[in-house]
Each structure stands twice: as C-alpha cells, then as structure tokens.
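Listed below are the residues making up each chain.
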Amino acid sequence: MPRFTPETSIFDNHDVLDEEWTPETIQGRDEEIEQYQEYLQPVINGWKPKNIFLYGKTGVGKTVVTERLLKDLQDSADQFDVPLSVIKITCDNQSSSYQAAVKLLNELLRQRDQPTVPATGYSQQDIFDKLWSEIDKIGGTILFVMDEIDNISSPDDILYQIPRAQKNNYVEDARLGIIAISNDYSFTEDLSPKAKSTLRETELHFSAYDANELIAILEHRADLAFHEGVINEGVIERIAAIVAQEAGDARLAMDLLLEAGEIAVRRDSSTVSLDDVERAEEFLESNWVSSAVKAISSQEQVSLASVVFAECNGDTPSRTKDLYRQYCAICESISREPTTSRQMREHLNELAFQNLLHKHDKNEGIDGGRYYTFELEPDMKTFLQAVYRIESRVFDDVFVEKLISKTLQNSIVSESELDFVD
Ligand SMILES: Nc1ncnc2c1ncn2[C@@H]1O[C@H](COP(=O)(O)OP(=O)(O)O)[C@@H](O)[C@H]1O
Ligand SMILES: [Mg+2]
C-alpha cells in the first residue's frame, strides 16, 4: 500500500472552495448587479465614466462582482470597438496615496509590457507626471479600480487628482474614472470635501447576505466542490443560518463548508454531516480567537486575562474597578508593571471593539450613575481551546491550567467539553 493515496470519496474539486477561486456565475446579487451595470454603461457609450464608490462589509461579494462586471465590460468594449483599459489594484495595509499611485502606474506599465518603477526614490509629483504621460499614450477610457481603498491612510491626493486630471489639463484626451471599493463607509468621512464629493458621486452598497442568498451561493459551490450525494440534508441550510446570524459573509460560509468537508475526510466518512458543521464552526471560531489574542499587545492580553479570570469565577459582567484589582494581581504574578486604571479601561474598550469582549452600558439614573461592565465575548470553551494552542507570556501553561480547573470547579464548562486538553 502506498503511503499517500488520493482522497476520492468526498471532494470532487477541493479548489473550488479556495479563496483564490473565482466563480463563473454570481448568485443572489441581481439588483446590485443591475445597478452597477447601469453605472458602468456610460463607458460603452463612449461618455465620461462615473466615479463609483462601492462599500459593504467583508465577504459580501464586492470584489467578485466587480471582477465579473469589469470582465464583461471589457468584452463588450472590445466588441463595440470602444477603447477601454481597466487598471485594478488592491491597496495594502497602511499604504499612502503615493504608494497607491505607484501601484496604479506600475499596473499600467505592466499591461503595456513596460519596465515598472521602484516604490521609492521619486516624489509624488514625479509619479503623477509619469502617470499622466502614460495615460496620454493609451488614451480612450481608463478605469482605475482601487479595491480595499480603506487601507490607504491618506487617500485625498489620489482621489482628488485622477478625476480632475482632464479638467486640469494634465492629460489630453483620455476619459478617467475611479471605482473605489471599501469595507467601511466611514472611510469617506475623513476625506477632504472635494475628494468626498467625487467619491460619493455614485454610491453602491452591498448589504450582508441573508440565509437564502447564502444557500444559493453555497449550493452552487457545493455542486462543483463535492461528489453527488455527499452533503447530508440540512448541512447547507445550517451553514447559511450560522453565517447569516453572524456577519452574512460568503467567505466564512465557504470556509465552513470546506472545513466541514475536511473533517468528514479525516473521519473517513463518505458524507458531510451536521456534526461536521458543528465541529467546523468550533474550529474556525477558536482559530479566530487564537489569532485575535496573538495580535493584541501583552498589556491588552493581561487586561483580557482579568476578564477571563472573573468569568471563570462566575463574576462577569464585571465593572472596570473590580477588573482592575484582578489586573494588578495578574501583573504581579507575572512580574509586570501594571498601567494606570485609565489605560487599562482603554484596553478593555479596544478588546470590546475587536469582539473579544462584550461591553454593557449601565445607567442607574442619578443615584447610581453611568458605568460599563465587561464579559468575554467568545464562549469559555472556545476561548480556552484557543489560548491552549498559542504561545503567550500571559496565557502560559500555568495560567491556562489554572483557568481550566477554575471553570471545572465552578461548572462553567464540563469535563467532556475539554476534549482538546491532552
Ligand atoms: N454572490 C456570490 N456568488 C458567488 N460567490 C460569491 C458571491 N459573493 C461572494 N462570493 C464568494 O465569497 C468570497 C468573498 O467574496 P468577495 O467578493 O471577496 O467579498 P468582498 O470583496 O466583499 O470582501 C469569494 O470567494 C467569492 O467568490
Ligand atoms: Mg474584496
């Protein structure tokens, strides 16, 4: 028997559920697509393109729908001899207008098999001048697509310059348009009035998917990914219900389906069951918690630990002043200097913002005053499973063991739920 044998019972095409894979057809976005198409129509008429601002939470199809429509737009443009170039970039974290301009310029150069420019060493003006001169060489309509534009820290320049390039005589006879895609609407609030008005000229909002839309997306994908009859009844509906209740994020739905399939493979089953979905959900949730805890500072980890400790004692939701006492005790036990209670409160707020904690606003009228209480957002089992796996100076083996024995003592989790403990 060979050491490796191909898996053939569950997956027909595993890659279909991969992040990189682009579907041919889009489900559940008909109205949005119709609207988007209307906004792009001027391009085919040979008119000045609209600047479009597309926003909506992560995983609601902004990128995939844009790619689909722009591909169709390019096909139509070719068919009707409309000169069109689409220059698309994805903005990296913490990039600036300058870096975005370099990226756009390089994408444009690459499409024309020209050598690209280095990311440093030029002034912003040099980059824009080069961009205008390249644009003039191409002519026609040029659409600049900036996906995840909310990652740009100071986007004013680029959002101001490109749409006005023709009016300001920087370019001669090219028609320029911007499509800006953002996970966050509030991104526009910090823009200068002119950049804001450009961007908000034509807005398009993609809402979170509801359960029915998720079912349509999942069914289509599952047909391609799995062999016939592999997915048990109710599995797709269950995943759709879980995801619709959370963020309506199609990426999460796909990840759950993939993980459930892989769990089924691991247990040598020929079908994917509701139990597999439940385990996949637990696994992804605790994965998320692990990365979130790893990503916060160690001071924030201690603040988080104080809430977890209170929760293990059944003392949450807990007030900041009580948590601060706990916080100082933990700092002492790991020989760390505590911060002030004010700073600690800021940590708690930040942790609530990141969904690691849940914050309650208490208002007890004139006598009691207003205060906040905190508790752990993920359930205790998921949290313990997550911190059990990671390397952390705060959530080290000794502390996690202590938390586990406290939760058992206080019947917050049961012995059987702690199946991840060696
Ligand atoms: N309506 C849809 N039909 C088919 N697949 C979709 C749909 N919406 C999203 N997806 C898939 O879900 C994932 C997330 O979509 P994406 O377009 O990247 O979301 P966003 O850009 O809004 O964060 C991708 O893998 C994409 O292929
Ligand atoms: Mg996207």
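As a convention, each chain's residues are numbered from 1 in the sequence order in which they are written. All chains are assigned letters beginning with A, and all ligands numbers beginning with 1, in the order in which they are written. Note on the predicted model: pLDDT of at least 70 is required for a residue's local features to be given, and 80 or more for side-chain atom pairs to be given and counted; whole-chain, interface and lining totals, by contrast, use all residues. With hydrogens and water set aside, each side-chain value is computed from the structure's full complement of heavy atoms.

A. Quick look at the domain arrangement of the protein chain. Throughout, the edges of the domains are those of an automatic or database domain assignment. What the domain assignment reports for the protein chain is domain 1 (30-205), domain 2 (210-292) and domain 3 (296-418). Centre-to-centre, using C-alpha coordinates, domain 1 lies 44 Å away from domain 3.

B. Examining the packing of aromatic side chains more closely. The rule is short: rings of Phe, Tyr and Trp, with Trp giving its six-membered ring, pair when the centres are within 6.5 Å, and they are stacked under 30 degrees, edge-to-face over 60, tilted in between. Tallying each qualifying case throughout the model produces twelve aromatic pairs. With 5.6 Å between their ring centres and 20 degrees between their planes, Phe128 and Trp132 make a pair best called stacked. Of this pair, Phe128 and Trp132 both sit in helix α4 (residues 124-138), four residues apart, roughly one helical turn. In this structure, Phe128 and Trp132 share a single accessibility class: buried. Aromatic pair Phe383 and Phe395: ring centres 5.6 Å apart, planes at 70 degrees, arrangement edge-to-face. The secondary structure listing takes helices from DSSP runs of H or I that are at least 4 residues long and strands from runs of E that are at least 2 residues long, numbered from the N terminus. Buried, partly exposed and exposed residues are distinguished by accessible area as a fraction of the type maximum, computed with a 1.4 Å probe on protein chains only: under 20%, between the cut-offs, and over 50%, respectively.

C. Seen up close, helix α5 (residues 156-164). For α5, the set of buried residues is Ile158, Leu159, Gln161, Ile162, Pro163 and Arg164. The secondary structure elements touched by the buried residues of α5 are α3 (97-111), α4, β3 (140-147), β4 (174-182) and α6 (193-199). Whether two residues are in contact is decided by their heavy atoms, any of which lying within 4.5 Å being enough.

D. Region of the structure containing the side chain of Arg221. Note on placement: Arg221 falls in helix α7 (residues 211-225). Although Arg221 is buried, it forms no salt bridge, and the closest oppositely charged side chain is Asp18 at an N-O distance of 8.8 Å. Apart from residues lying up to four places away in sequence, Arg221 is in contact with Val16, Leu17, Trp21, Pro23 and Met254. As used throughout, the charge tally considers Lys and Arg to be positive and Asp and Glu to be negative, leaving His and the chain termini uncounted. Salt bridge criterion: a side-chain nitrogen from Lys or Arg within 4 Å of a carboxyl oxygen from Asp or Glu.

E. Main features of a negative patch on the surface. By definition, no residue in a patch forms a salt bridge, and every one has over 30% relative accessible area; like charges are joined within 9 Å, nonpolar side chains (Val, Leu, Ile, Met, Phe, Trp, Tyr) within 5 Å. We get accessible surface area from the Shrake-Rupley algorithm with a probe of 1.4 Å; when it comes to residues, only the shown protein chains can shield them. Charge positions are represented by NZ for Lys, CZ for Arg, CG for Asp and CD for Glu. On the surface, a cluster of negative charge is contributed by Glu219, Asp223, Glu228, Glu233 and Glu237. Tracing the chain through its elements places Glu228 in the loop between α7 and α8 (235-245).

F. Geometry of the sheet that holds strand β2 (residues 84-90). Strands are treated as partners if at least two bridges between them are detected by DSSP. Taken in spatial order, the five strands line up as β2-β3-β4-β1-β5 in an open sheet, and their pairing is parallel. The open sheet has two edge strands with one neighbour each: β2 and β5 (202-205). The average angle at which neighbouring strand axes cross in this sheet is 15 degrees, direction not considered. Both strand β1 (residues 52-55) and β4 contribute to a ladder of four bridges, which runs parallel. Of the residues in β4, the one forming a bridge with Ile52 is Ile179. All axes are obtained by fitting lines to C-alpha atoms, using only the stretch in contact for helices, and the reported angles, taken between N-to-C directions, cover 0 to 180 degrees.

G. Spotlight on the nonpolar core. Note on terminology: a nonpolar core comprises buried Ala, Val, Leu, Ile, Met, Phe, Trp, Tyr and Cys residues joined through side-chain atoms within 4.5 Å. If you look at the biggest cluster of nonpolar residues, it comprises 54 residues, and the most contacted ones within it are Tyr36, Leu40, Ile179, Phe226 and Ile239. Considering each element in turn, this core owes the most residues, nine residues, to helix α9 (residues 250-266). Taken domain by domain, the makeup of this core includes at least three residues from each of domain 1 (30-205) and domain 2 (210-292). What Phe226 contacts, discounting residues up to four positions off in sequence, is Ile10, Phe11, Asp12, Leu17, Ile231, Leu257, Gly261 and Val272.

H. Layout of helix α13 (residues 341-353). The length a helix should cover is 1.5 Å for every residue beyond the first. Taking 1.5 Å as the rise per residue, α13 with 13 residues should run 18 Å; its terminal C-alpha atoms sit 18 Å apart, in good agreement. Of all the residues in α13, the buried ones are Met344, His347, Leu348, Leu351 and Ala352. The arc that holds the buried residues of α13, viewed along the axis, is 135 degrees, so those residues lie on one side. When the buried face of α13 is taken as reference, the exposed residues oriented beyond 90 degrees from it are Arg342 and Phe353. Residues of α13 that are buried make contact with α11 (298-312), α12 (320-333), β7 (357-363) and β8 (370-376). Taken from the residues just after α13, Asn355 is the one with a positive phi, measuring 65 degrees. As used here, the arc belongs to the directions running from the helix axis to the C-beta atoms.

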